[in-house]
Amino acid sequence: MTDTTTQNQAADGSESAKTSVITDLLGNLLDDAANIVEDPNRYSSLRGLPTGFRDLDLVTGGLTPGSLTVIASRPQVGRTTLLTDICRNTAIQNNIPTAVYSLEETGEFFLMRVLAAEARVARHHIICGTMTDEDWTRMARRVPDVSAAPLHVKTPGRLTMATLETEARELVEEHGLALLAVDGIQDIRPAKRSDLREREVGDVVRDLKTLARELNIPVVATSHLNRNPEQRYDRLPKLDDLRESGAITFAADTILLLHREDAYTLDTPRAGEADFYVAKHRQGPTAVITTAFQGHYGRFVDMQQT
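Owing to the predicted nature of the structure, the values given are computational and were not obtained by experimental measurement.

1. A closer look at the nonpolar core
Next up, step 1: If you look at the biggest cluster of nonpolar residues, it comprises 34 residues, and the most contacted ones within it are Leu-164, Leu-180, Val-182, Ile-185, Ile-188 and Leu-208.
Next up, step 2: Mapped by element, the contributors of at least two residues to this core are strand 1 (68-73), strand 2 (98-102), helix 7 (161-175), strand 5 (179-183), helix 8 (197-215), strand 7 (219-224), helix 9 (247-251) and strand 8 (254-259).
Next up, step 3: Per-element tally for this core: the top contributor is helix 8, with 7 residues.
Next up, step 4: Leu-82, Leu-83, Ile-86 and Leu-179 belong to the second-largest nonpolar core, a separate cluster that totals 31 residues.

2. Considering the pattern of salt bridges
Next up, step 1: This structure, assessed with the given rule, holds 17 salt bridges.
Next up, step 2: Salt-bridge contacts for Arg-54 lead to Asp-55; the nearest nitrogen and oxygen are separated by 3.8 Å.
Next up, step 3: Look at Arg-54 and you get partly exposed, because its relative accessible area is 41%.
Next up, step 4: One salt bridge in this structure joins Arg-74 and Glu-230, with 3.0 Å as the shortest N-O distance. Linking Arg-74 in the loop between strand 1 and helix 3 (79-93) with Glu-230 in the loop between strand 7 and helix 9, this pair joins segments that are 156 residues apart in sequence.

3. Description of the side chain of Thr-268
Next up, step 1: Within the fold, Thr-268 resides in the loop between strand 8 and strand 9 (273-281).
Next up, step 2: In this structure the side chain of Thr-268 is engaged in a polar contact, spanning 2.8 Å, whose partner is the side chain of Glu-261.
Next up, step 3: Excluding anything up to four places from it in sequence, Thr-268 contacts Glu-261 and Asp-262.

4. Considering the sheet that holds strand 3 (residues 151-154)
Next up, step 1: With mixed pairing, the 9 strands of this open sheet are ordered in space as 3-2-5-7-1-8-9-10-11. Strands with a single pairing partner mark the edges of an open sheet, and in this sheet they are strand 3 and strand 11 (299-302). Strand after strand, the sheet turns through a mean of 25 degrees between neighbouring axes, direction not considered.
Next up, step 2: Sheet topology places strand 5 next to strand 7; 3 bridges connect them, and they run parallel. Within strand 7, the position partnered with Val-182 by the bridge is Ala-221.

Criteria and thresholds
Residues numbered from 1 in each chain as written. Predicted model: local features only at pLDDT ≥ 70, side-chain atom pairs only at ≥ 80, totals over all residues. Heavy atoms only, no water. Core = buried A, V, L, I, M, F, W, Y, C linked by side-chain atoms within 4.5 Å. Buried < 20%, exposed > 50% of the residue type's maximum accessible area, 1.4 Å probe, protein only. Helix = DSSP H or I, 4+ residues; strand = E, 2+ residues; numbered from the N terminus. Salt bridge = Lys/Arg side-chain N within 4 Å of Asp/Glu carboxyl O. Polar contact = N/O pair within 3.5 Å; in protein donor to acceptor, adjacent residues only side chain to side chain. Contact = heavy atoms within 4.5 Å. Pairing = 2+ DSSP bridges. Axes fitted to C-alpha atoms, helices over the stretch in contact; angles between N-to-C directions.

What follows is the structure, encoded as structure tokens:
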């Protein structure tokens, strides 16, 4: 009799605890929703970190803690450029601690991307040493802000998932890291090696999602697409084009597929325009966001800013 009573009390207590947790969660959710609706400047009151692209943020609500966002494209379309734009916006424009792991270029070239985009100086002027007086003036104006920004740039020759996890935790504890960006999912070595490349990439993606949830920060990473878009008449990318791993489609909360007509046809009437296909959005609708591509500066910007 005592055992049964104790079990019933324990069960009642457990149910009560569950109800309390659910009530708290619902209360927080409704409070957040009400605050956003009542805010006269609600378009800047995002649940997550701003990407720097107004229409994209209106669809996704920004980069929310615990989420994994994947940016994918064919080569020379702009996935690294978009990743850089997001990092510039969080770290330089909003003073939010950001870490970026660039696995496809050196630290000098990544910072060159940042400076060229921030100062609106053509990248080839910097590379070829043909900067004008106006270029130098623009650069000098932006260097102090870039230097003071909480942007941590890491460019290891190789990167394992274990190393990334350890360093990310240290950055959160020591610098209050709020955004982790990785340029090159396929370049990260998984915790366990496998004969199947698709399995390795799948393990990395799932570990990135787990890391985002454990640290409660958004993670943004880039991925390659296979050649399928180039075999279509319109060359538009699809989720099935994600290279080497269907696990990306399942693990990611948001997937952005990039497309630019002028990457294939120079005399297109849409030269200088780019489309961000929100091909997967776990918390909302899919959409197509049109932006301007300023290739000489190496950046995307909202159409309203052109």
